[in-house]
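As a plain string of letters, each chain reads:
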Amino acid sequence: PQANISYGGVSIINSIYIANGTFSLDGINITVPSGFTVGTSGNFKRYGNEVITTSIPSFSVGATATYNGTGASYNLPTYSHANANVVIDSPSSDTVYNMSAHATTTNLTINSGILNNWSTYALVTTNTLTVGPSGSWTATSTGPITIGTGGVSNEGYISLVSPSSMLVRSTV
């Protein structure tokens, strides 16, 4: 059995495995001392500013990480999303998510909100980058951008200011 102890807005959970469905932090900080895994059909949902102490989430191939904060801006966490589908789905199209490290994802979807790819950070999607009607992707980074075989689908706003290089892979 798992123990869940809460105090002062912090929950302590021994370990987490999200096999399927969604586990949402809803603004609560957590401590996970013994492992945190998001399975293939799992979705780890957070605003973006919650603190996860001790364990860094590990994403299985096909897992999803969803960011949906209501604040003005958030710094995306620095842990690896390499196997994950990352979804920016803010209630406000003005909420900014700043990249805080190089990022690699399987699929990147910006339904609503702004992904700010800045500084020298590289962005790699191994499949598809999708920008929905209420989404924006701003790339002011001097780091390289690589988009996989799924290409780019844009119904929103894309601004590429100064990437050092951009590679869009496609299949015909």
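First, a word on scope: everything that follows refers to the structure included in this document. (Residues numbered from 1 in each chain as written. Predicted model: local features only at pLDDT ≥ 70, side-chain atom pairs only at ≥ 80, totals over all residues. Heavy atoms only, no water.)

1. Some remarks on the overall build of the protein chain
In terms of helices and strands, the protein chain carries zero helices and 18 strands. Looking at the protein chain as a whole, 44% of its 172 residues qualify as buried. Carbon together with sulfur atoms contributes 51% to the accessible area of the protein chain, which is approximately 8,000 Å² in total. (Helix = DSSP H or I, 4+ residues; strand = E, 2+ residues; numbered from the N terminus. Buried < 20%, exposed > 50% of the residue type's maximum accessible area, 1.4 Å probe, protein only. Areas by Shrake-Rupley, 256 points an atom, 1.4 Å probe, with all protein chains shown as cover.)

2. With respect to the pattern of salt bridges
With the rule as written, the count across this model stands at one salt bridge. One salt bridge in this structure joins Arg46 and Glu50, with 3.3 Å as the shortest N-O distance. No difference in accessibility class separates Arg46 from Glu50, as the two residues are buried. (Salt bridge = Lys/Arg side-chain N within 4 Å of Asp/Glu carboxyl O.)

3. Examining the pairing of strand E10 (residues 81-89)
Pairing of strand E8 (residues 64-67) with E10 involves four bridges; the strand directions are parallel. Within the sheet, the bridge partner assigned to Thr64 lies in E10 and is Asn85. In this sheet, strand E12 (residues 103-117) lies alongside E10 in parallel orientation, the contact comprising six bridges. Opposite Asn85, over in E12, you have Asn107 as the bridge partner. (Pairing = 2+ DSSP bridges.)

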